[in-house]
Amino acid sequence: MYTRNETRCITVGSVKIGGGSPVTVQSMTNTDTRDVQATVSQIQSLTKAGCDMVRVAVQNSEAAVAFGDIRKQVDIPLIADIHFRHNLALRALESGADKLRINPGTIGSVSKVREIAAAALERKVPIRVGVNSGSLKKELLERFGGPVPEALVESAVEEVDILDEMGFHDVCVSIKSSRVPDTITANIMFAKRRNNPLHVGITEAGTLSYGTIKSSCGIGAILAMGIGDTIRVSLTADPVAEVLTGLSILKAMKLRSMGAELISCPTCGRTEIDLIGLAEEVERRASSLKKPLVIAVMGCTVNGPGEAREADYGIAGGKGFGILFRKGKVVSKLPEHELVDRLFALIEADEE
Ligand code: SF4
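Residues numbered from 1 in each chain as written. Predicted model: local features only at pLDDT ≥ 70, side-chain atom pairs only at ≥ 80, totals over all residues. Heavy atoms only, no water.

## Thoughts on the sheet that holds strand β12 (residues 293–298)
The line we're drawing: Each pair of strands is called paired provided DSSP finds at least two bridges between the two strands. Numbering of helices and strands starts at the N terminus; helices are DSSP runs of H or I of at least 4 residues and strands are runs of E of at least 2. Axis definition: a line fitted to C-alpha atoms, limited for helices to the stretch in contact. Angles are taken between N-to-C directions and run from 0 to 180 degrees. By the convention used here, residues are in contact when the closest approach between their heavy atoms is within 4.5 Å.
The five strands lie next to each other as β11-β12-β13-β14-β15, forming an open sheet whose pairing is mixed. Taken across any chain shown, the strands that pair with only one partner, and hence form the sheet edges, are β11 (260–264) and β15 (329–335). Within the sheet, the average angular offset between the axes of one strand and its neighbour, ignoring direction, is 20°. Here helix α10 (residues 275–286) sits on the sheet and contacts β11 and β12; the angle it forms with β12, its principal contact strand, is near 165°.

As structure tokens, then:
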């Protein structure tokens, strides 16, 4: 386990962020918030996928009214995402927002920020300050010569300081760039300067395939430094894919243990079994398992038995057959077509 950076703990509805709490996964709806039914339905899908909290855009007063209706229909903590208009932040708080995502510097005046901070403090609702490379102030861009990590961090510190000076300290921070190295550097730099919990992600990461790679590299690298308290994978895709990817990143980093983890070999000239087909079938069937366990699906007797023995369950392939392992012991030698069924029969029997 990584040594986690010590951060302040904030509470978002029923979920804690920071202070050593488990790293959480969040996503954002992409329905029109004014369409209450569609938004509720998407939030339910995100919840089912394992999302810990959901952000919803509150882009105008109709959306602020809808936010209240949505709040009444779902249990998961909801974050109201607001830009520029302080009255929308106040409305969202009245409607039961569990967290606000605002940038104090864009709200317009100190008195308006103060009003939001006072209302949030009264309701014990934290605020996330989000700094993106695409929306840095002109003054910072000029001072640092572009959206470099130093400029991103300076912007985040300025935003946090505005709230700190008002006595509002439950502030989560995100510093995101579409450039992975800049995001990593900026998060490391910020973590050295402030103890606010960090919401980590790569902004505008891209479509499902490359966006997943960029997010995994960036978020994974930051988490590996012990930094990061909640994550959001930003994909040009169904938000459910963001949640599944986020959970997989946490699983791969050993920061959350849930469901099955598949270990499978890349296949090579020694493979004499349909290993790709077997691994895909095992992964598909294992996706419904809730208990954390490791399943190894290996192609031959070179590395196969070793990995299969280390895992909770394993298959080591031969020529048209495979050896089934459980907790390091050989269970049986089976024809290829029986392997997956027998593996899951074994898992189910052990779960009973
Ligand atoms: Fe090749 Fe065997 Fe290694 Fe798979 S486990 S890649 S089949 S040597």
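## Remarks on the domain arrangement of the protein
Counted only if it meets this: Each domain's extent was defined by an automatic or database domain assignment.
Per the domain assignment, the segments of the protein are domain 1 (10–252) and domain 2 (260–351). A straight line from the C-alpha centre of domain 1 to that of domain 2 covers 40 Å.

## Things to note about the packing of helix α7 (residues 180–193) against helix α8 (residues 208–224)
Worth spelling out the cut-off: In what follows, roughly perpendicular refers to angles from 65 to 115 degrees, roughly parallel to angles under 35, roughly antiparallel to angles over 145, and oblique to any angle outside these ranges. Definitions for this section: a left-handed crossing has its near helix turned counterclockwise from the far helix by less than a right angle. A right-handed crossing has that turn clockwise. Think of it as three bins: nonpolar holds Ala, Val, Leu, Ile, Met, Phe, Trp, Tyr, Cys and Pro, charged holds Asp, Glu, Lys and Arg, and polar takes everything else, Gly as well.
With their axes 9 Å apart at the nearest point, α7 and α8 run at an angle of 20° to one another. By the criterion of interaxial angle, the relationship of α7 to α8 is roughly parallel. Where α7 crosses over α8, the handedness of that crossing is right-handed. Contacts between α7 and α8 involve V180, T183, I184 and N187 from the former and K214, C217, G218, A221 and I222 from the latter. Here the contact of α7 with α8 is composed, by residue class, of five nonpolar, three polar and one charged.

## A short note on α8
Our working rule: Between the first and last residue of a helix there are one fewer steps than residues, each counted as 1.5 Å, and that sum is the expected span.
Under the 1.5 Å per step criterion, the end-to-end length of α8 is 23 Å for 17 residues, consistent within 8% with the ideal 24 Å. Against the buried residues of α8 lie α7, β9 (198–200), β10 (230–232) and α9 (239–252). Of the residues one or two after α8, G226 is the one with positive phi, at around 80°.

## Considerations on the packing of aromatic side chains
Defined as follows: Pairing of aromatic rings covers Phe, Tyr and the six-membered ring of Trp, with a centre-to-centre limit of 6.5 Å; geometry is then stacked below 30 degrees between planes, edge-to-face above 60, and tilted otherwise. Should the NZ of a Lys or the CZ of an Arg lie within 6 Å of a ring centre and within 35 degrees of the ring normal, that charge is described as sitting over the ring.
One pass over the full model with this rule turns up zero aromatic pairs. Here K333 stacks its cationic end above the ring of F321, 4.3 Å away from the centre of that ring.

## Topic: the nonpolar core
Stated precisely, the cut-off is as follows: The nonpolar core is taken to be a set of buried Ala, Val, Leu, Ile, Met, Phe, Trp, Tyr and Cys residues, with the residues joined through side-chain atoms within 4.5 Å. Throughout, exposure labels follow a simple rule: accessible area from a 1.4 Å probe, protein chains only, divided by the maximum for the residue type, with under 20% read as buried, over 50% as exposed, and the rest as partly exposed.
The biggest cluster of nonpolar side chains holds 77 residues, and the ones touching the most others in it are L78, I82, L100, F190 and L223. With seven residues, helix α6 (residues 149–165) is the largest single contributor of residues to this core. Leaving out residues up to four positions away in the same chain, L78 has contacts with I43, V54, V56, F67, I70, R71, A97, D98 and K99. Within the second largest apolar cluster, 21 residues are counted, among which are L275, V282, L343 and F344.

## Examining the side chain of S234
Residue placement: S234 occurs in the loop between β10 and α9. If sequence neighbours within four positions are ignored, S234 has contacts with K176, I202, T203, E204, A205, G206, S215 and E242.

## Some remarks on the site of the ligand
Filter applied, for reference: The near set for a molecule or strand comprises every residue that places at least one heavy atom within 4 Å of it.
Taken together, C265, P266, T267, C268, R270, T271, M298, G299, C300, V302 and N303 make up all the residues around the ligand. Here the residues of the shell around the ligand are counted per class, giving six nonpolar, four polar and one charged.

## Considering the layout of surface pockets
Using the following cut-off: A cavity, in this analysis, means grid points on a 1 Å lattice covering only the protein atoms where a 1.4 Å probe fits yet has no way out; a pocket is instead an open set bounded by protein on both sides within 12 Å along at least five of seven lines, and a residue lines either one if it has an atom within 4 Å of a point. Grid points are joined across faces, edges and corners, and a volume is the space filled by probe spheres set on the points.
Approximately 740 Å³ is the volume found for the largest pocket. Forming the walls of the largest pocket are 19 residues, and the residues nearest its centre are S248, K251, M258, A260 and S287. When residues of the lining of the largest pocket are traced back to their parent elements, those giving at least two are α1 (36–49), α9, β11 and α10. The dominant element in the lining of the largest pocket, judged by the number of residues it contributes, is α9, at five residues. Within the lining of the largest pocket, the residues separate by chemical class into ten nonpolar, four polar and five charged. Among the domains, domain 1 (10–252) and domain 2 (260–351) are the pair contributing at least three residues each to the lining of the largest pocket. Size it by volume and the second largest pocket reaches roughly 260 Å³. Lining the second largest pocket are 17 residues, with N103, T106, S135, K137 and E159 positioned closest to its centre. Broken down by secondary-structure element, the contributors of at least two residues to the lining of the second largest pocket are β7 (127–132) and α6. Looking at the lining of the second largest pocket element by element, the count peaks at four residues for α6. For the lining of the second largest pocket, the residue count by class is five nonpolar, eight polar and four charged.

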